[in-house]
Amino acid sequence: MQFDPLGIALRWLHIMSAIALVGGLLYERIAIVGPAASLPEAARAEFLAASRRRWSKVVMITAFVLLATGLYNGGMNMYTFNTTFSRDHAVLNLPRPGYTIFLTIKMVLALIIFFIASVLSGSRPGTAKIRAEAGKWLNISIVLVVVVVGLGDVMRGFHTGPNIDKVQEVLKQSSDAPPFQAGGK
Ligand code: HEM
């Protein structure tokens, strides 16, 4: 069996960062925002400021790692399977639109999640209004997370599961075939 330590490490980093960020957003919605509302004003402000100072570091690190590993993994998958994905839709019963579109939608939704998470864990006066409605914005980011993880799953289906044999078959064909020449000669 071929072993790809870099691919495995970057996928592990992506999944671990997803677990940390998503778990934190859920915890913030269920166990922080709700209960903090019952605290006296001064105690609530002090508690939320303290938890934000800690959580903002996790948000920054996980957002960076998700973006870096996501771009690398996405780039490698497109590089490896580009010809296959763009040519053999019918053979590979791949969903339309193609992998690139799914990756782009996932990245845009993830950037919105990163923005909401960083504003909610920040302290800039200009974004205080958003923090005042933390419950609403956390609900929105949790719905977006569900979609983002779902997109990751669908994207994985492009080159795993029922497609794995066909992908390998097509890859073998393309490696055996003479190199493609412009004008189809
Ligand atoms: C909130 C942010 C994000 C979350 C929660 C998230 C979550 C996930 C999860 C759970 C997977 C499936 C892991 C697997 O089974 O391999 C995945 C795969 C993936 N994600 Fe993300 N992700 C996020 C952001 C991003 C970003 C910003 C990018 C791109 C820039 C990205 C690109 C990818 C790619 C390329 C895959 C692999 C799909 C495949 O197997 O073809 N993700 N993501």
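Look above for the structure.
The structure contained in this document is the topic of the report that follows. Source: prediction; values computed, not measured. (Residues numbered from 1 in each chain as written. Predicted model: local features only at pLDDT ≥ 70, side-chain atom pairs only at ≥ 80, totals over all residues. Heavy atoms only, no water.)

Looking at the ligand, there are 26 residues lining it, with Arg11, His14, Tyr99, Lys106 and His159 nearest. Within the side chain of His14, an N or O atom sits 2.9 Å from a nitrogen atom of the ligand. In the environment of the ligand, an oxygen atom lies 3.4 Å from a nitrogen or oxygen atom belonging to the side chain of Arg156. Contributing elements (two or more residues each) for the shell around the ligand: helix H1 (5–36), helix H2 (41–87), helix H3 (99–120) and helix H5 (134–157). (Near = heavy atom within 4 Å. Polar contact = N/O pair within 3.5 Å; in protein donor to acceptor, adjacent residues only side chain to side chain. Helix = DSSP H or I, 4+ residues; strand = E, 2+ residues; numbered from the N terminus.)

With that out of the way, let us pick up the pattern of salt bridges. For the structure shown, the criterion picks out two salt bridges. When the shortest N-O distance is used, the salt bridge between Glu41 and Arg44 registers 2.6 Å. Here Glu41 pairs with Arg44, and both are found in helix H2, just three residues apart, close to one helical turn. Judged by relative accessible area, which is 24%, Arg44 ranks as partly exposed. (Salt bridge = Lys/Arg side-chain N within 4 Å of Asp/Glu carboxyl O. Buried < 20%, exposed > 50% of the residue type's maximum accessible area, 1.4 Å probe, protein only.)

This paragraph deals with the packing of aromatic side chains. Applying the stated criterion across every chain yields a total of two aromatic pairs. Both rings, one in Phe102 and one in Phe158, keep their centres 5.9 Å apart while their planes meet at 80°; by these two values the pair is edge-to-face. In this pair, Phe102 sits in helix H3 while Phe158 sits in the loop between H5 and helix H6 (163–176), placing the two residues 56 residues apart along the sequence. No difference in accessibility class separates Phe102 from Phe158, as the two residues are buried. In textbook terms, an aromatic cluster arises when at least three aromatic residues are bridged by ring pairs, as seen for Tyr99, Phe102 and Phe158. (Phe/Tyr/Trp six-rings, centres within 6.5 Å; stacked < 30°, edge-to-face > 60°.)

What follows is about the side chain of Ser121. Relative to the helices and strands, Ser121 is located in the loop between H3 and helix H4 (128–132). Assessed through its relative accessible area of 7%, Ser121 is described here as buried. At 2.9 Å, the side chain of Ser121 and the backbone oxygen of Ala117 are in polar contact.

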